[in-house]
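So you can see what is in the structure, the chains are spelled out below.
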Amino acid sequence: MKISKFLLSLFLLSIIVVSCNKDDEPALPKGDYENGILIANEGPFGSGSGTVTYISNDFSTSQNSIYKTVNSEDLGNILQSLTFNNESAYLIANVSKRLVKVNRYTFEKEAATIENLNNPRYAAIASGKLFVTNWGDSSDSTDDYVAIFDAETLVYESSISVDFGPEKLIVLGNNIYVAHKGGHGYNNKISVIDITSKAVTKTIEVGDIPSSLVIDNSNNLWVLCGGKPNYAPEETYGTLEKINTSTYEVTTSYDFVDSHPYDLSYTNGKLYYQNSGGVYVMGTSSSTLPSASIIADSGYSVIANDGYIYVTDAKDYASSGEVRIYNLDSKQLENTISTGIIPGGVYFN
Amino acid sequence: MIQFSRFLFFLFLFIGLNIYAQEAIIVSLDVVNLQTIKLNKHSKGYKILAINDSIIQHNSESFSSLLRFNSPIYIKEYGAGGTSSASFRGTSASNTAVIWNGININSINNGQTGFNSLNVSLFDNINIRSGGGSIEFGSGAIGGTIHLNDELRFGKYVKNQLVLSVGSFETYHNLYKFSFGSATTAIKVGLSYNESENNYKWLGYNLRNENGAYHNTDFSFSIAQKISKFSKISFNTSKYDGVRQFSGQLPNPLAAKEKYKDFSFRNLLNFNYQKNESSHTLKFAYLTQEYQYFADKDNTDFNFGKSKRFVLNYDFSYKISSNSSIESFSEVESTFGKTDQMLEKNRKQFSQSLIFNQRIENLGSFNAKVRKDFNSDYTMPFVFALGAEVKPARNTFVRFNGSKNYRVPSYNDLYWPSLGNENLIPESSLQGEIGVGYKNNNLKIDVGAFYIDAKDKIVWKPGADPERPGVWTPANLDEVVNKGLELVINYKKNIHKHSFNLNANYSYIISKDKNTKQLLPYIPKHLLNGTVGYSYKKISAFYQHLFNGEIFTTTDNLDDYSVPYFNVGNLGVNYNLLKTKATQLDLGIKINNLFNKPYQVLPSRPMPNRNLNLNINYKF
């Protein structure tokens with residue numbers, strides 16, 4: 001009798017499950033923060049926490065400190081980066097040496113770890129693993145590493161020792177390309193990590209201080225190097241490097257004459273960056289750097305995404321920042337939205 | 001120069017009046033160090049808070065804590081025992097000058113004193129003077145000055161004091177003082193050793209203050225010798241050696257790895273000749289300071305800063321009449337400073353000050369002062385100060401003071417590689433204060449209002465140099481107005497064998513950036529602290545309370561990022577076990593954070609939970 005009852009309930013349950021699975025029902029919103037823009041605010045220097053600002057896709061509403069609102073706790077000091085994967089987002093608090101995993105749509109905390117993080121910077125996902133760049137002591141060039149965590153549980157697995165000052169990283173095929181900005185010193189390398197063997201298989205030399213990197217639709221790796229600043233012992237200027245990811249060779253190197261460009265982004269087939277107070281656009285087949293800017297604005301960071309340019313402004317680094325949103329068609333400022341303190345990164349949910 | 005000739009005119013006008021009363025006898029022959037006496041003499045119209053050695057013992061945990069519970073100064077401390085700086089009357093950290101036996105000891109490298117990088121338990125008394133004092137004490141004396149004094153006395157005595165204390169978080173504070181006096185010689189030796197794991201609970205979290213341990217050793221020696229009826233010579237030396245870890249912040253205290261080492265060595269030779277109307281004092285000081293900063297305590301690499309200073313000072317004082325005197329201070333200083341980031345730099349300075357003191361019988365007294373500095377690096381402002389105290393009726397007083405003061409750029413401001421700005425000029429501020437009060441044998445009340453107008457403030461800001469947007473550089477940028485009201489109450493009362501006392505400070509401060517019209521961050525509008533004491537026969541007790549108002553942490557004064565107000569109280573009870581003419585033995589217990597309330601002075605940095613301290617104080 002017990003078995004028949006069990007079978008009956010199983011049968012009834014299956015009807016419910018099937019009926020709930022009908023495709024024609026409207027999809028429920030996955031959370032308050034779906035379909036929006038997330039700003040990672042570093043937060044104040046010294047004391048206090050980084051925060052996340054949510055902006056709706058139509059720019060009509062925004063909300064500061066969403067992580068704290070949902071989870072009633074702080075993320076940690078200097079929110080360095082945010083990384084999406086499936087339903088999750090990974091947040092890295094640099095000074096607090098903390099990695100937090102949240103549901104990217106509800107922002108509810110799912111896991112957090114402080115293990116094996118030392119000056120953590122950026123993350124990338126490959127084969128269910130989270131690869132996190134770490135500077136270690138920012139002036140020590142020998143203790144830098146990429147830490148590997150289970151992307152689901154954040155359980156630490158292993159580390160790969162790498163060259164000085166690993167910063168942003170990007171996945172293509174079975175490789176992770178790591179830009180070595182050089183911590184609080186200077187470096188000029190891209191490491192190639194084989195995802196399967198978890199080892200550095202190649203090192204590509206680029207310009208000084210490679211700070212951002214993107215991959216275009218033809219699988220070229222583009223690396224923007226800022227050059228050594230004017231307060232370095234010897235100032236150098238920026239370069240934009242185009243790297244063939246089959247041969248691992250720099251195919252074209254574009255030199256900036258006397259400036260320090262930053263923040264390379266790639267959207268709708270074009271490259272964008274900021275340089276000397278302006279935003280520039282360049283086609284991936286262009287043989288020269290663009291001579292004129294498209295928008296006369298610059299900021300703490302500049303990111304292009306699908307028809308818009310987002311310029312963040314940290315103001316005096318001790319008050320609310322803002323993000324200025326320009327329409328890429330009209331080149332006009334469309335919106336200015338207040339953010340948390342030192343808005344560093346813009347992410348599209 | 002016009003101002004100076006006016007001053008002279010003013011001065012001679014008063015001498016000409018030939019005012020008749022006796023000037024108070026301000027020099028006690030038995031006291032060798034005249035710091036406190038001189039400070040009082042030169043501070044007509046200023047407010048001075050005196051902290052004696054028994055109050056110093058009440059907050060033996062740190063200098064930060066001593067000031068937080070006993071003075072009107074707001075102490076910005078990065079977790080108990082961490083980096084600590086002062087905001088006096090809403091001014092910035094480099095605008096409080098710390099004075100050791102009359103010598104300004106603010107760091108050459110950053111222009112300030114770290115209030116957890118020195119130990120004050122060996123000093124005999126500490127005076128805190130509110131208001132500008134650049135005339136006597138030089139750079140940084142804008143909000144006020146803190147005077148750390150060793151006292152020596154001639155006379156026949158031998159005294160020993162031993163204080164041993166043990167407290168929560170494996171905290172030990174120990175000191176031993178020996179002093180000896182004869183008719184012609186006075187000697188004082190002090191030794192203290194403090195250590196703590198300082199791993200207090202972060203209330204409300206399942207976390208502890210992980211990287212807060214400290215230990216330090218302090219040694220001081222002073223000697224004075226009468227050479228003749230008219231002259232004496234004295235020498236003070238002090239050596240401090242401390243190691244501190246810098247605790248972290250929420251939510252991950254384990255992220256903190258920083259460690260700091262401080263060394264200081266101070267020497268002062270003082271020769272005084274006093275005969276008839278004239279007094280000559282020649283001082284020579286040699287001071288060194290060094291810090292070592294370890295980003296990772298487990299690593300041997302560190303950054304450092306080192307400085308050494310030579311100061312030669314000649315002070316001539318002449319009694320013009322029984323109630324007026326004039327003094328001249330001349331000072332030559334040579335300072336060397338370097339860090340791991342910059343080669344040694346040398347700054348030379350000569351300064352000349354004139355001070356005129358006048359007492360007017362049955363009315364009051366005043367000081368008028370001027371100073372001009374000549375510096376090898378930049379032009380120094382001409383500064384002046386006036387202070388007066390009038391007694392309009394019995395037990396009442398009205399006081400005024402006004403002064404111009406300055407803060408010179410620090411070596412970091414000037415020479416930090418590629419970022420420093422050699423074109424900086426000293427900050428300067430004009431300030432005024434008026435107070436009224438009542439004073440009798442049991443009660444003193446002082447209510448005052450002050451106004452400080454500061455310009456050319458040196459601030460590090462991204463893009464301060466328009467040529468280098470986004471790069472943090474220093475510039476003479478900010479203009480700030482600080483204004484406030486202060487109330488001080490001291491009351492004591494004895495009823496039969498019961499004695500009560502109350503000491504309280506309240507301040508209301510508005511510090512505004514003149515350009516943005518916003519309040520400056522990290523300055524509480526309201527600050528109230530006080531101690532109530534009670535004693536009966538062999539038992540005495542005190543309760544200390546602090547109310548610290550809300551502080552903004554952002555320059556746009558956002559409530560979202562403010563640190564809420566807090567109340568914290570400490571209770572101490574002492575029992576006198578033994579008391580004879582020559583010996584005294586007390587046992588004490590102190591409970592800090594009596595109500596076990598969580599509080600933060602700075603965001604994300606919890607302060608200690610309730611903790612206990614047991615102490616023995618033996619004088620023999």
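Thresholds, definitions, all that
Residues numbered from 1 in each chain as written. Chains lettered and ligands numbered in written order. Predicted model: local features only at pLDDT ≥ 70, side-chain atom pairs only at ≥ 80, totals over all residues. Heavy atoms only, no water. Helix = DSSP H or I, 4+ residues; strand = E, 2+ residues; numbered from the N terminus. Buried < 20%, exposed > 50% of the residue type's maximum accessible area, 1.4 Å probe, protein only. Contact = heavy atoms within 4.5 Å. Areas by Shrake-Rupley, 256 points an atom, 1.4 Å probe, with all protein chains shown as cover. Lys, Arg positive; Asp, Glu negative; His and termini not counted. Charge placed at Lys NZ, Arg CZ, Asp CG, Glu CD. Core = buried A, V, L, I, M, F, W, Y, C linked by side-chain atoms within 4.5 Å. Pairing = 2+ DSSP bridges. Buried area = accessible area lost by both parts, 1.4 Å probe. Salt bridge = Lys/Arg side-chain N within 4 Å of Asp/Glu carboxyl O. Polar contact = N/O pair within 3.5 Å; in protein donor to acceptor, adjacent residues only side chain to side chain. Nonpolar A, V, L, I, M, F, W, Y, C, P; charged D, E, K, R; others polar. 1 Å grid on protein atoms, 1.4 Å probe; cavity = no way out; pocket = protein on both sides within 12 Å on 5 of 7 lines; lining within 4 Å. Points joined across faces, edges and corners; volume = space filled by probe spheres on them. pLDDT = per-residue confidence, 0-100. Axes fitted to C-alpha atoms, helices over the stretch in contact; angles between N-to-C directions. Phe/Tyr/Trp six-rings, centres within 6.5 Å; stacked < 30°, edge-to-face > 60°. Lys NZ or Arg CZ within 6 Å of the ring centre and 35° of its normal.

Peer 1: Report on the overall build of chain B, specifying residues and quantitative values.
Peer 2: Counting its secondary structure elements, chain B contains six helices and 33 strands. Here the C-alpha coordinates of chain B stretch approximately 70 × 70 × 45 Å along the principal axes. Sorting the 620 residues of chain B into buried and exposed places 55% on the buried side. A sequence separation of at least 24 residues applies to 62% of the contacts in chain B between residues at least 6 apart. Accessible area for chain B stands at about 26,400 Å²; split by element, carbon and sulfur atoms hold 59% of it. Side chains of chain B carry 68 positive and 50 negative charges; the gap between the two charge centres is 9 Å.

Peer 1: Provide a residue-level description of the overall build of chain A, including the pertinent values.
Peer 2: The helix and strand inventory of chain A stands at two helices and 27 strands. Principal-axis analysis of the C-alpha atoms places the extent of chain A at approximately 85 × 45 × 45 Å. Out of the 349 residues in chain A, the part that is buried amounts to 56%. For chain A, restricting intrachain contacts to residue pairs at least 6 apart in sequence, the fraction spanning at least 24 positions comes to 41%. Accessible area of chain A: about 14,900 Å², with a carbon and sulfur share of 49%. Both charge centroids of chain A, one from 23 positive and one from 40 negative side chains, sit 7 Å from each other.

Peer 1: Lay out the nonpolar core with the relevant residues and their values.
Peer 2: All names here are of chain B. Formed by 26 residues in total, the largest nonpolar core has its most connected members in F63, I126, I128, I146 and L148. The set of elements that each furnish at least two residues to this core consists of β1 (47–52), α4 (63–70), β4 (96–100), β6 (125–130), β7 (144–149) and β16 (278–294). For this core, the element with the most residues is α4, which contributes three residues. With near-sequence residues (within four places) excluded, I146 lies in contact with F63, L67, I73, T96, A97, V98, I99, F115, I126, N127 and I128.

Peer 1: Can you break down the pairing of strand β28 (residues 539–548) of chain B residue by residue, with the values?
Peer 2: Residue and element names in this part refer to chain B. Where strand β27 (residues 526–536) and β28 come together, ten bridges link them in antiparallel fashion. Across the sheet, the residue bridging to G530 is H545, located in β28. Taking the residues that link successive antiparallel strands as the turn, the β27-β28 hairpin has two residues, and the phi of K537 there is positive, at about 50 degrees. Bridge count for β28 against strand β29 (residues 566–579) is ten bridges, and the pairing is antiparallel. Considered in β29, the bridge of F547 is made with N567.

Peer 1: Report on the interface of chain A and chain B, specifying residues and quantitative values.
Peer 2: Contacts between the two partners involve 28 residues from chain A, matched on the other side by 27 residues from chain B. Area buried by chain A at its contact with chain B is led by S47, Y231 and Y317 of chain A, which between them contribute 24% of it. Summed over the shared surface of chain A and chain B, the result is zero salt bridges. Applying the counting criterion to the chain A and chain B interface returns eleven residue pairs in polar contact (both at pLDDT 80 or more). Class assignment for the residues of the side of chain A that touches chain B results in eight nonpolar, 13 polar and seven charged.

Peer 1: I'd like a description of empty space enclosed by the protein, backed by residues and values.
Peer 2: Residues and elements named next belong to chain B. Taken as a whole and assessed by the stated rule, the structure comprises five cavities of 30 Å³ or more. By volume, the largest cavity amounts to about 710 Å³. Forming the boundary of the largest cavity are 42 residues, of which N104, E136, F137, G138 and E331 lie nearest the centre. Here the lining of the largest cavity takes five residues from strand β18 (residues 324–339), the largest share from any one element. Residue composition of the lining of the largest cavity, grouped by class: eleven nonpolar, 21 polar and ten charged.

Peer 1: Any chance you could break down the confidence of the model for chain B for me, citing the residues and the numbers?
Peer 2: This prediction gives chain B a mean pLDDT of 89; 95% of its residues lie at or above 70. Segment residues 1–28 of chain B: pLDDT under 50, and 49 contacts once partners within four positions in sequence are set aside and those in other chains are kept.

Peer 1: If you had to explain the side chain of N127 of chain B to someone new, which residues and values would you point to?
Peer 2: Among the structural elements, N127 of chain B can be located in strand β6. Discounting residues that sit within four places of it in the chain, N127 of chain B has contacts with T36, L39, I48, L49, A50, T145, I146, H147 and N149 of chain B.

Peer 1: Tell me about the side chain of N71 of chain A, and name the residues and values.
Peer 2: Residue and element names in this part refer to chain A. Following the sequence through the fold, N71 ends up in helix α2 (residues 66–71). Here the side chain of N71 touches F107 through a polar contact of 2.8 Å, landing on its backbone oxygen. Here N71 is in contact with F107, E108 and K109, once residues within four sequence places are set aside.

Peer 1: So what about the sheet that holds strand β21 (residues 270–275) of chain A? Which residues, and what values?
Peer 2: Residues and elements named next belong to chain A. What the three strands build is an open sheet, ordered β20-β21-β22; its pairing is antiparallel. Here the strands that pair on one side only, and so sit at the sheet edges, are β20 (262–267) and β22 (278–283). In this sheet, adjacent strand axes meet at a mean angle of 25 degrees when their direction is disregarded.

Peer 1: Give me unusual backbone geometry: which residues, what numbers.
Peer 2: Residue and element names in this part refer to chain B. Across the junction of L250 and P251, the peptide omega takes the value 0 degrees, indicating a cis bond. On the secondary structure map, P251 appears in the loop between β14 (231–245) and β15 (259–275). Positive phi is not limited to glycine here, since N395 has a value of about 70 degrees. Locating N395 in the fold gives a position in the loop between β21 (383–390) and β22 (396–407). Judged by its relative accessible area of 27%, N395 falls in the partly exposed class. One non-glycine residue, H496, lies in positive phi territory at about 50 degrees. You can see H496 is positioned in the loop between β25 (472–495) and β26 (498–513). H496 sits in the exposed class, given a relative accessible area of 78%.

Peer 1: I'd like to hear about the sheet that holds strand β11 (residues 156–161) of chain A, residue by residue, with values.
Peer 2: All names here are of chain A. Spatial ordering of the open sheet is given by β8-β9-β10-β11, a layout of four strands whose pairing is antiparallel. The sheet terminates laterally at β8 (120–126) and β11, the two strands that pair on one side only. Between one strand axis and the next, the sheet turns through 25 degrees on average, direction left out of account.

Peer 1: Mind laying out the pattern of salt bridges, listing which residues take part and the relevant values?
Peer 2: Inspection of every chain in the model, using the stated rule, returns 40 salt bridges over all chains. A salt bridge links D74 of chain A to K68 of chain A; its shortest N-O distance comes to 3.4 Å. Take D74 of chain A: its relative accessible area is 23%, and that puts it in the partly exposed class. According to the relative accessible area criterion, K68 of chain A is partly exposed, its value standing at 43%. Notably, a salt bridge pairs R89 of chain B with E433 of chain B, separated by 2.8 Å at the nearest N-O pair. With R89 of chain B in the loop between β3 (84–87) and β4 and E433 of chain B in strand β23 (residues 427–439), the pair connects residues that are 344 residues apart, well separated along the chain. When its relative accessible area of 2% is taken as the criterion, R89 of chain B is described as buried. Since its relative accessible area comes to 6%, E433 of chain B is described here as buried. In this structure, a network of salt bridges that share partners links the residues K47, R89, R399, E433, D446 and E486 of chain B.

Peer 1: Tell me about the environment of S319 of chain A, residues and numbers included.
Peer 2: Its location among the elements puts S319 of chain A in the loop between β24 (308–313) and β25 (320–327). In the structure, S319 of chain A is positioned 94 residues away from C225 of chain A in sequence and 29 Å away in space, judged by C-alpha atoms. Ignoring any residue separated from it by four or fewer positions in sequence, one finds S319 of chain A in contact with G340, I341 and I342 of chain A together with T554, T555 and D556 of chain B. A distance of 2.8 Å separates a polar atom in the side chain of S319 of chain A from a polar atom in the side chain of D316 of chain A.

Peer 1: Tell me what's going on with the pairing of strand β18 (residues 239–244) of chain A, and back it up with residues and numbers.
Peer 2: All names here are of chain A. In terms of burial, β18 is a largely internal element, five of the six residues being buried. Direction of pairing for β18 relative to strand β19 (residues 249–255): antiparallel, over a ladder of six bridges. From the neighbouring strand, T239 faces β19, where its bridge partner is D255. Hairpin connection of β18 to β19: four residues between the antiparallel strands, including Y248 at a positive phi of 60 degrees.

Peer 1: Explain the packing of aromatic side chains residue by residue, including any values.
Peer 2: Within this structure, the stated rule accounts for 30 aromatic pairs over all chains. Judged by centre distance (6.5 Å) and plane angle (55 degrees), the ring pair of Y308 of chain A and Y310 of chain A falls under tilted. Between Y411 of chain B and Y415 of chain B, the aromatic rings sit 5.3 Å apart at their centres with planes inclined by 85 degrees, giving edge-to-face as the arrangement. In this pair, Y411 of chain B and Y415 of chain B both sit in helix α6 (residues 411–415), four residues apart, roughly one turn of the helix. Judged by its relative accessible area of 0%, Y411 of chain B falls in the buried class. Here the aromatic residues F45, Y300 and Y317 of chain A together with W472 of chain B are joined through ring pairs into a cluster of three or more. Across from the ring centre of Y46 of chain B, 4.4 Å away, lies the NZ or CZ of R129 of chain B, which sits over that ring. In this arrangement the basic side chain of K345 of chain B is found over the ring face of Y415 of chain B, its NZ or CZ atom lying 4.7 Å from the centre.

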